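Each chain, letter by letter, is given below.
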Amino acid sequence: MTDKTNSKTPGLSRRSLLKAGFAAGAVAGTAGAARAAGDPLITEIQDWNRYLGDGVQARPYGTPSEYEANVVRRDVEWLTASTESSVNFTPLHELDGIITPNGLCFERHHGGIADINPADHRLMINGLVDSPLVFTMEDLKRFPRENRVYFLECAANSGMEWRGSQLNGCQYTHGMVHCVMYTGVPLKLILEEAGLKTNAKWVMPEGADASAMTRSIPMEKALDDCLVAFKMNGEALRPEQGYPLRLVVPGWEGNMWVKWLRRIEVGDEPWHQREETSKYTDLLENGKARRFTWVMDPKSVITSPSPQAPISHGKGPMVISGVAWSGNGRIKRVDVSLDGGRNWKTARLDGPSLSKAMHRFYLDIDWDGSDMLIQSRAMDEHGFFQPTKNELRAARGENSIYHNNGIQTWYVKADGMVENVEVS
Ligand code: MTE
Ligand code: CO
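Residues numbered from 1 in each chain as written. Chains lettered and ligands numbered in written order. Predicted model: local features only at pLDDT ≥ 70, side-chain atom pairs only at ≥ 80, totals over all residues. Heavy atoms only, no water.

**Description of the domain arrangement of the protein chain**
On domain assignment, one finds that the protein chain holds domain 1 (108-290) and domain 2 (297-421). The gap between the C-alpha centroids of domain 1 and domain 2 is 28 Å. Taken together, the contacts link 39 residues of domain 1 with 34 residues of domain 2. A combined buried area of about 3,200 Å² lies between domain 1 and domain 2, and 53% of that area is made up of carbon and sulfur atoms. Summed over the shared surface of domain 1 and domain 2, the result is three salt bridges. We note a salt bridge from Lys389 to Glu161, for which the minimum N-O separation is 3.7 Å. Across the contact surface, domain 1 and domain 2 share 23 residue pairs in polar contact (both at pLDDT 80 or more). Of all the elements in the fold, those that place two or more residues in the side of domain 1 that touches domain 2 are β5 (146-153), α6 (170-174), β6 (177-186) and β13 (282-283). At five residues, α6 tops the list of elements feeding residues into the side of domain 1 that touches domain 2. Here the side of domain 1 that touches domain 2 is built from residues that sort into 15 nonpolar, 14 polar and 10 charged. (Domains from an automatic or database assignment. Contact = heavy atoms within 4.5 Å. Buried area = accessible area lost by both parts, 1.4 Å probe. Salt bridge = Lys/Arg side-chain N within 4 Å of Asp/Glu carboxyl O. Polar contact = N/O pair within 3.5 Å; in protein donor to acceptor, adjacent residues only side chain to side chain. Helix = DSSP H or I, 4+ residues; strand = E, 2+ residues; numbered from the N terminus. Nonpolar A, V, L, I, M, F, W, Y, C, P; charged D, E, K, R; others polar.)

**Details of the site of ligand 1**
What surrounds ligand 1 is a group of 22 residues, the closest being Phe106, His110, Asp209, Arg246 and Lys259. For ligand 1, an oxygen atom lies 2.7 Å from a polar atom in the backbone of Phe106. One nitrogen or oxygen atom from the main chain of His110 is found 2.7 Å from an oxygen atom belonging to ligand 1. When ligand 1 is considered free in solution it has 530 Å² of accessible area, and contact with the protein chains removes 100% of it. Along the lines of polarity and charge, the residues of the shell around ligand 1 split into eight nonpolar, eight polar and six charged. (Near = heavy atom within 4 Å. Areas by Shrake-Rupley, 256 points an atom, 1.4 Å probe, with all protein chains shown as cover.)

**Section: the side chain of Arg396**
Summarising the element assignment, Arg396 is placed in helix α9 (residues 389-396). Here Arg396 is buried and forms no salt bridge, its nearest opposite-charge partner Asp297 lying at an N-O distance of 4.7 Å. For Arg396, the side chain forms a polar contact with the main-chain oxygen of His403, separated by 2.9 Å. Not counting chain neighbours up to four residues away, the residues in contact with Arg396 comprise Trp162, Leu283, Leu284, Glu285, Arg290, Tyr402 and His403. (Buried < 20%, exposed > 50% of the residue type's maximum accessible area, 1.4 Å probe, protein only. Lys, Arg positive; Asp, Glu negative; His and termini not counted.)

**Topic: α9**
Of all the positions in α9, only Lys389, Leu392, Arg393 and Arg396 are classed as buried. Summarising the axial view, the buried residues of α9 lie within an arc of 95 degrees, below the 170-degree limit, and thus occupy one face. α9 presents Ala394 and Ala395 as exposed residues on the side facing more than 90 degrees away from its buried surface. Residues of α9 that are buried make contact with β13 and β14 (289-290). Phi turns positive one or two residues past the end of α9, at Gly397, with a value near 75 degrees. (Arc of directions from axis to C-beta.)

As structure tokens, this is what we get:
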């Protein structure tokens, strides 16, 4: 390159321009302008601006920039005994908008990731139907299909927080949730193809993985909005999300969204499987347990600032950002408190507002640099809202693991660092 303006050492005219810019910045008096004017990243031509970059074949399947290498799913080693029956968490603090990128959707497996060639995959419908059927993947793709955006939340999300604030980061406290667009066939169409007997009241999806996950789902839900899905965010399901086929059970606890879906039995009563008796039930103070608590109630969390996303810029204008969702439908309102729940401001919902999907909220504030106890509280279109953690404990005791939708508090310190705390 011979063009003088591309030379690394600025010419005279460039240097005087730089001086002028610096002076203008100083007069303007804002930190941003002063920094821009004296910044070699502005005044010097950088290598990436000077040399050709990689060609089109360098990344046949795109991956994020190397500078985003810290944006990954993470697990907590001591949480589970093995990696096959375990969980990792969505890095909520690094994301924006309402869609979770496929490679960052948290994973929860009870028997590892099944490795299935779609050509060998079958879905069987049996039980109380006129004609038991077996579908190949190709057969399923001949049914009319739909695209729908839904959140999936594991019932155990925030489960560690029942006994007080434990894990320092919304990735760990709230990261068992993701929200993607599914492409799939309404379960209703497949059941109708087999023909339901008059006493068909329940369905039991079963997984083709080593855990053979099985759950009972009432027929009203099966015929309402469940999907048999093969795509997420436009591409094939990821192996860890149930490739090649999973059940989508909008708004209901993640455990029912059977992955590697191989069979759906139709019956006249629930099956009382392990995952709906000894697990995914809530033991109350009086020794009784809540069962079949399918719907995920309204919930929200501030994703930034949060323990993994401290404030690095000092006082002044800033954006408080978070996500909210409800298994009942749309989120209608999210309130944010800066003082531990004494006063509330209504946050700004931004982006699509879709039923049983994640919603993005923002509160734009001018931070005076003092300590804050920040909280968010979601309300859905049916008027259900998030309780405080103490209200939850008063109602359900402290034996629970599942269905903790209590209000989360982050303690923001004057230096911008953030901690998971509880206010009483
Ligand atoms: N389906 C099968 N076949 N096996 C499993 O272990 N885990 C369930 C559910 N479906 C599971 C399954 C649980 S507990 C949850 S929370 C969701 O899948 C997690 O879905 P994800 O891994 O796509 O996030
Ligand atoms: Co789960």
